[in-house]
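Coordinate inspection notes
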Amino acid sequence: MCGIIGVVSRDEFPSRFLLERLKRLEYRGYDSYGYYDSTSLKRNLGEIIVAGEGKTRIGIAHTRWATHGGVTSENAHPHMGCDDEVVIAHNGIIENYKDLKVMLEKKGHEFSSETDSEVVAHYFEEKLKEKKDVKRAISDFLKEAHGTFAILMMIKGDDSIYAIKRDSPLVLGMCEDKLILASDIYAFSDITTKAIFFENDEYAVIKKGSYEFYAKDGKRIRKDVTSFTWQQEDSEKRAYKHFMLKEIEEEPLVVARMLLSLEHEQKEAFRRLVSLVKKSRKIIFAACGTSYHASLLGAFYLHTTGIEAQTLIASEFKHYANVDADTLVIAISQSGETMDVIDALKYAQEKKAKVVSLVNVPYSTIQRMSALSLSIMAGQEVAVASTKAFVNQAALLLRLAQEFGYKANLANLAEKIKGLIAQKDEIRRIAKDMSRSKDAYILGRGQTYPVAREIALKVKEITYIHAEGMMGGELKHGTIALIEKGTPVISLIGCKDEDMISNSKEVEARGAKMIIITNNPDYQGKKGKAKIKDVVFIDTDNDGKFGILACVAGQLLAYYAADALGREIDKPRNLAKSVTVK
Ligand code: F6R
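The sections below set out a description of the structure shown in this document. These figures come from a predicted structure and were not determined experimentally. (Residues numbered from 1 in each chain as written. Predicted model: local features only at pLDDT ≥ 70, side-chain atom pairs only at ≥ 80, totals over all residues. Heavy atoms only, no water.)

A look at the sheet that holds strand β8 (residues 161-166)
- Across the sheet, which stays open at both edges, the 7 strands sit in the order β5-β6-β7-β8-β12-β13-β14 with antiparallel pairing between neighbours. Edge positions in the sheet fall to β5 (79-80) and β14 (220-221), since each has one partner strand and no second.
- The pairing of strand β13 (residues 210-214) with β14 spans 2 bridges and is classified as antiparallel. Note that in β14 the partner of Tyr 214 across the bridge is Arg 220. (Pairing = 2+ DSSP bridges. Helix = DSSP H or I, 4+ residues; strand = E, 2+ residues; numbered from the N terminus.)

Topic: the site of the ligand
- Residues in close proximity to the ligand total 15 residues, the closest being Ser 291, Ser 333, Ser 335, Thr 338 and Glu 461.
- In the model, an oxygen atom of the ligand is placed 2.6 Å from a nitrogen or oxygen of the Ser 291 side chain.
- Interatomic distance of 2.6 Å between a side-chain N/O atom of Ser 333 and an oxygen atom of the ligand.
- For the ligand, the protein covers 90% of the area, taking 400 Å² as the surface of the free molecule. (Near = heavy atom within 4 Å. Polar contact = N/O pair within 3.5 Å; in protein donor to acceptor, adjacent residues only side chain to side chain. Areas by Shrake-Rupley, 256 points an atom, 1.4 Å probe, with all protein chains shown as cover.)

Some remarks on the packing of helix α8 (residues 289-304) against helix α12 (residues 388-402)
- Axis separation between α8 and α12 bottoms out at 9 Å; the angle between their running directions is 15 degrees. As judged from the angle between their axes, α8 and α12 are roughly parallel. When the axes of α8 and α12 are compared, the crossing they make is right-handed. For the pair α8 and α12, the contacting residues are Thr 290, Ser 291, His 293, Ala 294, Ser 295, Leu 297, Gly 298, Tyr 301 and Leu 302 in the first and Phe 390, Gln 393, Ala 394, Leu 397, Leu 398, Leu 400 and Ala 401 in the second.
- Among the residues making up the contact of α8 with α12, the classes are represented as 10 nonpolar, 6 polar and no charged. (Axes fitted to C-alpha atoms, helices over the stretch in contact; angles between N-to-C directions. Parallel < 35°, antiparallel > 145°, perpendicular 65-115°, else oblique. Left-handed = near helix turned anticlockwise from the far one by under 90°. Contact = heavy atoms within 4.5 Å. Nonpolar A, V, L, I, M, F, W, Y, C, P; charged D, E, K, R; others polar.)

Some thoughts on empty space enclosed by the protein
- This structure, assessed with the given rule, holds 3 cavities of 30 Å³ or more.
- Its boundaries defined by the atoms lining it, the largest cavity holds a volume of some 180 Å³.
- The wall of the largest cavity is formed by 22 residues, among which Tyr 27, Asp 184, Ser 335, Glu 337 and Val 361 lie closest to the centre.
- Of the residues assigned to the lining of the largest cavity, the class counts are 10 nonpolar, 6 polar and 6 charged.
- Split by domain, the residues of the lining of the largest cavity number at least three in each of domain 1 (3-227) and domain 2 (242-406).
- By volume, the second largest cavity amounts to about 90 Å³.
- Around the second largest cavity, the lining comprises 14 residues; the ones closest to its centre are Cys 2, Trp 65, Thr 67, Gly 92 and Asp 116.
- Ranked by residue count, the leading element in the lining of the second largest cavity is strand β6 (residues 86-94), at 3 residues.
- When grouped by side-chain class, the residues that make up the lining of the second largest cavity number 4 nonpolar, 8 polar and 2 charged. (1 Å grid on protein atoms, 1.4 Å probe; cavity = no way out; pocket = protein on both sides within 12 Å on 5 of 7 lines; lining within 4 Å. Points joined across faces, edges and corners; volume = space filled by probe spheres on them. Domains from an automatic or database assignment.)

Here's the deal with the sheet that holds strand β21 (residues 439-444)
- Spatially, the 5 strands line up as an open sheet ordered β22-β21-β23-β24-β25, and their pairing is parallel. Single-partner strands in this sheet number two, and they are β22 (466-471) and β25 (534-537). Here the average twist between neighbouring strands, direction ignored, is 15 degrees.
- Across 4 bridges, the pairing between strand β24 (residues 513-518) and β25 is parallel. Following the sheet pairing, Ile 516 is matched in β25 by Val 535.

Quick word on unusual backbone geometry
- The peptide bond linking His 77 to Pro 78 adopts the cis configuration, its omega dihedral lying at -5 degrees.
- With respect to the helices, strands and loops of the structure, Pro 78 is situated in the loop between β4 (55-64) and β5.
- Here Asn 574, not a glycine, exhibits a phi torsion of approximately 70 degrees, which is positive.
- Examined against the element boundaries, Asn 574 turns out to sit in the segment after α17 (545-564).

Description of helix α3 (residues 118-129)
- With 12 residues, α3 should cover 16 Å at 1.5 Å per step; its first-to-last C-alpha distance of 17 Å lies within 8% of that length.
- Among the 12 residues in α3, 10 count as buried, and that is most of the element.
- The elements touched by buried residues of α3 are β5, β6, α2 (97-106), α4 (134-144), β7 (147-155) and β8.
- Just beyond α3, the residue with positive phi is Lys 131, at close to 70 degrees. (Expected span 1.5 Å × (residues − 1). Buried < 20%, exposed > 50% of the residue type's maximum accessible area, 1.4 Å probe, protein only.)

Structure follows, in structure tokens:
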């Protein structure tokens, strides 16, 4: 959450370049944004507008996802101290900001925002007043500040950017004439492939054409320059109204690419993953949100083959997981930066468990802290609601389960997704109808239970319709009380799943408006035996692919319902793509 940018250049550049780079990080938060280019400080609410007349050689910028303090221009970054000597942009949370604030107020500092971040500017201003040099002040800060931070700081009369990192991501990109500090490589991956990744409690002094890295005790350290590659789809929306639809339509391409990579460039890594699964007594996944739902599907696939597999929502990992040296913990994360997952992995590592990961964004923290990491190769997801990443995560897990005897034909998965996308006009019609409701329920069993939860999440986050995804069997234990005449219920019926058919009939009998996503031929066509009007028929075997395909149908349903409601689909309210706070 929150994206930060710092640029130091050999030559003058237009200040709007700071905003151009920041725009590429907008998916990290879009409540407010701002920049400081050594002459002016600009802060605005809402979406980043790339504009500005000035020129500069240095500047910092920030896009915010609000945690401490509302969405106001006072709370927007960058923040300054009292005398405008120090300007900072911060991503993370300064946990002991209240104590630091009291200490600074006693020394006469006055605060103008409700944020935790503003204390950082006052802290350094105070240290400089006490005649500390900046490096000693940073060493003090690293001792005194608690919490997570990636901080970029500029000081009046000094032509450097000071960059400090603990637990929030920070990377330095190297371009021919510029050094660019950023929350992740996507900020500059279109103009360079060379970067240095900060580790915890390191800081750097970036000047025109030079950089120096230091450990927290102030000792100079040598850092390796990484040459990175990242397969990106063209991130322009082109003819699409929204990135979300573009990303759903990319699914056939990216899933085929990922499966192929397991035979070629990721063959060795995949072989090592299989071998680690074989050697471990049990597998526990750790993930959040959509990635958690993919891991639940993975636990289902592996469990079916007799492997002891379970998954936990990462923020509850340490409360519910028993891990030891014989446990393999598999983190699943699109961004590779989700703080709850990082925390779960640290806990697992303390308990001596082996940690591996499946991530999308390369060189992310989770990838770098894993003993082994496979790429899901979905390419950049711009829409906040995750779609193609889910498909690739689930397909990779299905491929893994195949190694242990799970029967599935993955060779035609991409074709089947294409076939489903071709039904989008019919899905749009069903979705338009659903968009008029205030609630929706999604039911699944076995492989479709995780999918029911994932579809509900998609419906909630982009339509703002209340939705619950649940086990078909659990409905009668309470939730069925909420079914009224006309309540939409999406039932995910795998071929011959008589129990799901019964659960669907139970709600239908109470007046629910049924939407069936199925591969059961009884529902096929308007004159299908089951006589249900709203059916998305998926022509596939019931071999583990059905879950993935049913989810794609749900993604399209959620998308078209949100579109019918005129929602901000790619940037839903209150959300951010990368969740780097607890
Ligand atoms: C929902 C969504 C989120 C993420 C979750 C985990 O569409 O995108 O629920 O799945 O925040 O993020 P990653 O996968 O980056 O760890």
